[in-house]
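# Reading the structure
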Amino acid sequence: MTFLAIDIGNTRLKWALYAGPQPGSPMLAHGAQFLENIEKLAEHDWAGLPAPGSMLGSNVAGDGMRHRVEEQMELWDIEPRWVASSAQAGGVTNGYDHPVRLGVDRFVALIGARHHVLARGRGQTPRPALVVMVGTAVTVDALDADGRFLGGLILPGHGIMLRALEGGTAGLRVPTGEVREFPTNTSDALTSGGNYAITGAIERMHRHIVQRCGQPPVTLMTGGAGWKVSPALDIPHELIDSLIFDGLLALQAHRLAL
(Lines give C-alpha, C1' and ligand atoms only; values in the text may rest on other atoms or scores of the structure.)
Protein backbone atom coordinates (compact mmCIF):
# COMPACT_ATOMS: atom_id res chain seq x y z
CA MET A 1 0.00 0.00 0.00
CA THR A 2 1.70 3.18 -1.17
CA PHE A 3 2.09 6.12 1.19
CA LEU A 4 2.25 9.85 0.40
CA ALA A 5 4.29 12.09 2.73
CA ILE A 6 3.83 15.86 2.48
CA ASP A 7 5.92 18.60 4.11
CA ILE A 8 4.49 22.12 3.73
CA GLY A 9 7.16 24.61 4.78
CA ASN A 10 7.35 28.38 4.78
CA THR A 11 8.37 28.59 1.13
CA ARG A 12 7.79 25.25 -0.60
CA LEU A 13 5.75 22.07 -0.42
CA LYS A 14 7.81 18.90 -0.63
CA TRP A 15 6.24 15.50 -1.26
CA ALA A 16 7.36 11.91 -1.61
CA LEU A 17 5.52 8.73 -2.57
CA TYR A 18 6.75 5.56 -0.85
CA ALA A 19 6.10 1.91 -1.63
CA GLY A 20 4.76 1.40 1.89
CA PRO A 21 4.08 3.24 5.14
CA GLN A 22 7.15 1.98 6.99
CA PRO A 23 10.60 3.46 7.59
CA GLY A 24 13.01 2.22 4.95
CA SER A 25 10.34 1.77 2.27
CA PRO A 26 11.59 2.59 -1.24
CA MET A 27 10.79 6.09 -2.50
CA LEU A 28 8.88 5.80 -5.77
CA ALA A 29 8.61 9.49 -6.68
CA HIS A 30 9.19 12.89 -5.13
CA GLY A 31 9.01 16.57 -5.94
CA ALA A 32 8.57 20.11 -4.67
CA GLN A 33 6.48 23.13 -5.55
CA PHE A 34 6.65 26.73 -4.36
CA LEU A 35 3.59 27.63 -2.30
CA GLU A 36 2.36 30.14 -4.87
CA ASN A 37 2.16 27.27 -7.40
CA ILE A 38 0.20 24.78 -5.27
CA GLU A 39 -2.65 24.67 -7.80
CA LYS A 40 -0.28 22.93 -10.26
CA LEU A 41 0.00 19.79 -8.12
CA ALA A 42 -3.05 17.88 -9.35
CA GLU A 43 -2.57 18.60 -13.06
CA HIS A 44 1.21 18.38 -13.17
CA ASP A 45 3.20 16.88 -10.29
CA TRP A 46 0.65 14.29 -9.21
CA ALA A 47 -1.16 13.66 -12.50
CA GLY A 48 0.69 10.46 -13.37
CA LEU A 49 1.04 9.01 -9.89
CA PRO A 50 -0.81 5.91 -8.75
CA ALA A 51 -3.37 6.70 -6.05
CA PRO A 52 -1.70 6.53 -2.63
CA GLY A 53 -3.15 4.12 -0.12
CA SER A 54 -2.70 6.66 2.68
CA MET A 55 -1.08 10.02 3.41
CA LEU A 56 0.29 12.00 6.32
CA GLY A 57 1.52 15.58 6.24
CA SER A 58 3.34 18.25 8.19
CA ASN A 59 2.18 21.84 7.68
CA VAL A 60 3.57 25.08 9.09
CA ALA A 61 1.93 27.36 6.49
CA GLY A 62 -1.53 27.66 8.08
CA ASP A 63 -5.03 26.35 7.52
CA GLY A 64 -5.55 28.22 4.27
CA MET A 65 -2.59 26.46 2.67
CA ARG A 66 -3.72 23.11 4.05
CA HIS A 67 -7.14 23.57 2.42
CA ARG A 68 -5.51 24.42 -0.91
CA VAL A 69 -3.43 21.25 -0.77
CA GLU A 70 -6.43 19.12 0.20
CA GLU A 71 -8.30 20.47 -2.84
CA GLN A 72 -5.43 19.22 -5.03
CA MET A 73 -5.68 15.79 -3.36
CA GLU A 74 -9.29 15.38 -4.46
CA LEU A 75 -8.08 13.48 -7.54
CA TRP A 76 -7.57 10.54 -5.13
CA ASP A 77 -9.97 8.85 -2.74
CA ILE A 78 -7.86 9.17 0.40
CA GLU A 79 -8.37 10.87 3.74
CA PRO A 80 -5.97 13.77 4.35
CA ARG A 81 -4.24 13.42 7.72
CA TRP A 82 -1.97 16.01 9.29
CA VAL A 83 0.38 15.78 12.25
CA ALA A 84 -0.17 17.99 15.29
CA SER A 85 2.52 18.44 17.91
CA SER A 86 1.74 16.58 21.12
CA ALA A 87 3.31 15.64 24.44
CA GLN A 88 4.65 12.35 23.10
CA ALA A 89 4.76 10.52 19.77
CA GLY A 90 7.06 8.36 17.70
CA GLY A 91 9.51 7.74 20.53
CA VAL A 92 9.94 11.45 21.32
CA THR A 93 8.84 13.09 24.57
CA ASN A 94 8.10 16.75 23.94
CA GLY A 95 9.71 18.89 26.63
CA TYR A 96 8.40 22.23 25.30
CA ASP A 97 6.70 24.38 27.96
CA HIS A 98 3.50 24.09 25.90
CA PRO A 99 3.98 20.94 23.76
CA VAL A 100 1.29 21.81 21.21
CA ARG A 101 3.13 25.06 20.40
CA LEU A 102 6.26 23.33 19.15
CA GLY A 103 6.42 23.76 15.39
CA VAL A 104 5.12 20.58 13.82
CA ASP A 105 8.04 20.45 11.36
CA ARG A 106 10.46 20.48 14.29
CA PHE A 107 8.45 17.80 16.09
CA VAL A 108 8.35 15.51 13.05
CA ALA A 109 12.07 16.06 12.32
CA LEU A 110 12.87 15.08 15.91
CA ILE A 111 10.87 11.87 15.45
CA GLY A 112 12.76 11.17 12.24
CA ALA A 113 16.07 11.77 14.02
CA ARG A 114 15.09 9.48 16.88
CA HIS A 115 14.32 6.74 14.38
CA HIS A 116 17.78 7.15 12.82
CA VAL A 117 19.49 7.04 16.22
CA LEU A 118 17.69 3.85 17.26
CA ALA A 119 18.14 2.16 13.88
CA ARG A 120 21.89 2.76 13.88
CA GLY A 121 22.46 1.80 17.49
CA ARG A 122 20.61 -1.51 17.73
CA GLY A 123 21.99 -3.43 20.67
CA GLN A 124 23.73 -0.34 22.02
CA THR A 125 22.75 2.45 24.37
CA PRO A 126 21.10 5.20 22.26
CA ARG A 127 22.96 8.48 21.84
CA PRO A 128 21.58 12.01 22.11
CA ALA A 129 20.78 13.83 18.88
CA LEU A 130 21.25 17.35 17.56
CA VAL A 131 18.68 18.11 14.86
CA VAL A 132 19.28 21.08 12.56
CA MET A 133 16.85 22.34 9.92
CA VAL A 134 18.18 25.01 7.57
CA GLY A 135 15.55 26.75 5.51
CA THR A 136 13.79 30.11 5.58
CA ALA A 137 14.43 29.91 9.32
CA VAL A 138 16.98 27.75 11.12
CA THR A 139 16.14 25.50 14.07
CA VAL A 140 18.70 23.76 16.26
CA ASP A 141 17.06 21.18 18.54
CA ALA A 142 18.37 18.81 21.22
CA LEU A 143 17.22 15.28 22.05
CA ASP A 144 18.68 13.37 24.97
CA ALA A 145 19.52 9.66 24.86
CA ASP A 146 16.02 8.75 26.07
CA GLY A 147 14.31 10.66 23.27
CA ARG A 148 13.30 13.66 25.36
CA PHE A 149 13.29 16.99 23.56
CA LEU A 150 15.39 19.25 25.78
CA GLY A 151 14.80 22.48 23.88
CA GLY A 152 16.13 24.31 20.88
CA LEU A 153 17.03 27.50 19.07
CA ILE A 154 15.28 29.43 16.31
CA LEU A 155 17.23 31.95 14.26
CA PRO A 156 16.86 33.64 10.87
CA GLY A 157 17.98 31.82 7.78
CA HIS A 158 20.73 33.37 5.70
CA GLY A 159 18.29 34.99 3.29
CA ILE A 160 16.41 36.74 6.10
CA MET A 161 19.69 37.97 7.61
CA LEU A 162 20.79 39.47 4.30
CA ARG A 163 17.41 41.12 3.66
CA ALA A 164 17.44 42.60 7.16
CA LEU A 165 20.89 44.10 6.55
CA GLU A 166 19.89 45.39 3.13
CA GLY A 167 16.77 46.99 4.60
CA GLY A 168 18.49 48.58 7.57
CA THR A 169 21.88 49.54 6.17
CA ALA A 170 22.69 51.71 3.18
CA GLY A 171 24.88 50.38 0.40
CA LEU A 172 24.71 46.64 1.14
CA ARG A 173 22.91 45.46 -1.99
CA VAL A 174 25.82 43.39 -3.25
CA PRO A 175 26.12 39.98 -4.95
CA THR A 176 26.29 36.83 -2.86
CA GLY A 177 29.86 36.05 -1.87
CA GLU A 178 31.86 33.11 -0.60
CA VAL A 179 32.47 31.84 2.93
CA ARG A 180 36.00 32.91 3.90
CA GLU A 181 37.95 32.73 7.13
CA PHE A 182 39.02 36.35 6.69
CA PRO A 183 36.66 38.10 4.25
CA THR A 184 38.19 41.06 2.44
CA ASN A 185 35.17 42.30 0.51
CA THR A 186 31.58 43.11 1.44
CA SER A 187 30.00 40.21 -0.45
CA ASP A 188 32.20 37.64 1.29
CA ALA A 189 31.76 39.42 4.63
CA LEU A 190 27.96 39.17 4.41
CA THR A 191 27.93 35.55 3.29
CA SER A 192 30.53 34.50 5.85
CA GLY A 193 28.83 36.40 8.66
CA GLY A 194 25.48 34.73 8.04
CA ASN A 195 27.03 31.30 7.69
CA TYR A 196 29.12 31.61 10.85
CA ALA A 197 26.14 32.91 12.82
CA ILE A 198 24.29 29.70 11.95
CA THR A 199 27.21 27.31 12.47
CA GLY A 200 28.09 29.09 15.72
CA ALA A 201 24.60 28.43 17.07
CA ILE A 202 24.85 24.77 16.05
CA GLU A 203 28.25 24.32 17.68
CA ARG A 204 27.08 26.05 20.87
CA MET A 205 24.08 23.70 21.16
CA HIS A 206 26.41 20.76 20.51
CA ARG A 207 28.47 21.82 23.53
CA HIS A 208 25.34 22.18 25.64
CA ILE A 209 24.30 18.60 24.80
CA VAL A 210 27.73 17.22 25.65
CA GLN A 211 27.62 19.02 28.99
CA ARG A 212 24.07 17.83 29.74
CA CYS A 213 24.26 14.25 28.44
CA GLY A 214 27.94 13.42 28.88
CA GLN A 215 28.52 12.36 25.28
CA PRO A 216 28.50 13.97 21.83
CA PRO A 217 25.21 13.77 19.96
CA VAL A 218 24.47 12.33 16.56
CA THR A 219 24.17 15.54 14.53
CA LEU A 220 21.70 15.45 11.65
CA MET A 221 21.07 18.37 9.30
CA THR A 222 18.18 18.78 6.89
CA GLY A 223 16.46 21.53 4.92
CA GLY A 224 16.83 23.09 1.50
CA ALA A 225 19.80 25.27 2.49
CA GLY A 226 21.66 22.65 4.51
CA TRP A 227 24.25 22.21 1.77
CA LYS A 228 25.27 25.86 2.20
CA VAL A 229 25.94 25.49 5.92
CA SER A 230 27.43 22.00 6.02
CA PRO A 231 30.94 22.79 4.66
CA ALA A 232 31.61 25.38 7.39
CA LEU A 233 30.37 23.25 10.30
CA ASP A 234 33.29 21.95 12.35
CA ILE A 235 31.55 19.06 14.12
CA PRO A 236 30.81 15.61 12.64
CA HIS A 237 27.37 15.64 11.04
CA GLU A 238 25.25 14.17 8.28
CA LEU A 239 22.98 15.79 5.71
CA ILE A 240 19.67 13.92 5.47
CA ASP A 241 17.24 15.51 3.02
CA SER A 242 14.40 13.18 3.99
CA LEU A 243 14.41 13.71 7.78
CA ILE A 244 10.83 15.05 7.98
CA PHE A 245 9.63 12.31 5.60
CA ASP A 246 11.40 9.75 7.82
CA GLY A 247 9.47 11.13 10.78
CA LEU A 248 6.18 10.89 8.90
CA LEU A 249 6.94 7.29 7.94
CA ALA A 250 7.73 6.42 11.56
CA LEU A 251 4.48 8.01 12.77
CA GLN A 252 2.39 6.25 10.13
CA ALA A 253 3.99 2.87 10.92
CA HIS A 254 3.32 3.39 14.63
CA ARG A 255 -0.32 4.27 13.92
CA LEU A 256 -0.83 1.15 11.82
CA ALA A 257 0.77 -1.03 14.50
CA LEU A 258 -1.73 0.05 17.17
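Figured I'd write up the structure that's included with this text. Everything numeric here is computed off the predicted structure, so don't read it as measured data.

### Here's the deal with the overall build of the protein chain
Across its full length, the protein chain carries seven helices and eleven strands. In terms of C-alpha radius of gyration, the protein chain reaches 19 Å, essentially the compact-globule figure of 18 Å for 258 residues. Oriented by its inertia axes, the alpha-carbon framework of the protein chain measures out at about 55 × 45 × 35 Å. For the protein chain, the proportion of its 258 residues judged to be buried stands at 47%. Pairs at least 24 residues apart make up 56% of the contacts formed inside the protein chain by residues separated by at least 6 positions. Accessible area of the protein chain: about 12700 Å², with a carbon and sulfur share of 51%. Between the centroid of the 21 positive side chains of the protein chain and the centroid of its 25 negative side chains there is a distance of 6 Å.

### Quick word on the sheet that holds strand β9 (residues 149-156)
Strand order across the open sheet formed by five strands is β9-β8-β7-β10-β11, with mixed pairing between neighbours. Across the chains shown, the open sheet's two edge strands, defined by having one partner strand only, are β9 and β11 (238-239). Direction of pairing for strand β8 (residues 137-143) relative to β9: antiparallel, over a ladder of seven bridges. Residue pairing for β9: Asp 141 is matched across the bridge by Gly 152.

### Some words on the pairing of β8
The buried fraction of β8 amounts to six of the seven residues, a majority that puts the element mostly inside the structure. With six bridges connecting them, strand β7 (residues 129-134) and β8 associate as antiparallel partners. Within β8, the position partnered with Leu 130 by the bridge is Ala 142. Linkage of β7 to β8, two consecutive antiparallel strands, is achieved through a turn of two residues. Connecting β8 to the next strand, β9, in antiparallel fashion are five residues, including Gly 147 with a positive phi near 85 degrees.

### Overview of the environment of Asn 195
Relative to the helices and strands, Asn 195 resides in helix α5 (residues 186-213). With 38 residues separating them along the chain, Asn 195 and Gly 157 place their C-alpha atoms 9.1 Å apart. Excluding residues that lie within four positions of it along the chain, Asn 195 makes contacts with His 158, Val 179, Lys 228, Val 229 and Ala 232.

### Thoughts on helix α3 (residues 104-120)
Note on helix geometry: an α-helix contains 3.6 residues per turn, so any two residues three or four positions apart are oriented the same way. For α3, with 17 residues, the first-to-last C-alpha span of 24 Å sits near the 24 Å given by 1.5 Å per residue. Judged by how many residues are buried, α3 sits mostly within the fold: 13 of 17 residues are covered.

Definitions and cut-offs
Within any chain, residue numbers begin from 1 and follow the written order of that chain's sequence. Only residues with pLDDT of 70 or above have their local features reported here, since the model is predicted, and side-chain atom pairs are shown and tallied only from 80 upward, although totals for entire chains, interfaces and linings are computed over all residues. Side-chain measures were taken over the full set of non-hydrogen atoms in the model, leaving aside hydrogen atoms and water. Labels follow the DSSP assignment, with helices taken as runs of H or I lasting at least four residues and strands as runs of E lasting at least two, numbered in each case from the N terminus. In this setup the radius of gyration rests on C-alpha atoms only. A globule is expected at 2.2 Å times the number of residues raised to 0.38. In this scheme, a residue with accessible area under 20% of its type's maximum is buried, one over 50% is exposed, and one in between is partly exposed, where area comes from a 1.4 Å probe on protein chains only. Residue contacts are defined here by distance: any two heavy atoms, one from each residue, within 4.5 Å place the two residues in contact. Only the protein chains shown count as covering a residue, and every accessible area follows the Shrake-Rupley method with a 1.4 Å probe. Charge counting treats Lys and Arg as positive and Asp and Glu as negative, with His and both chain ends excluded. Just so you know, the charge point we use is NZ for Lys, CZ for Arg, CG for Asp and CD for Glu. At least two bridges found by DSSP between two strands is the condition for calling them paired. To estimate the expected span of a helix, subtract one from its residue number and multiply by 1.5 Å.

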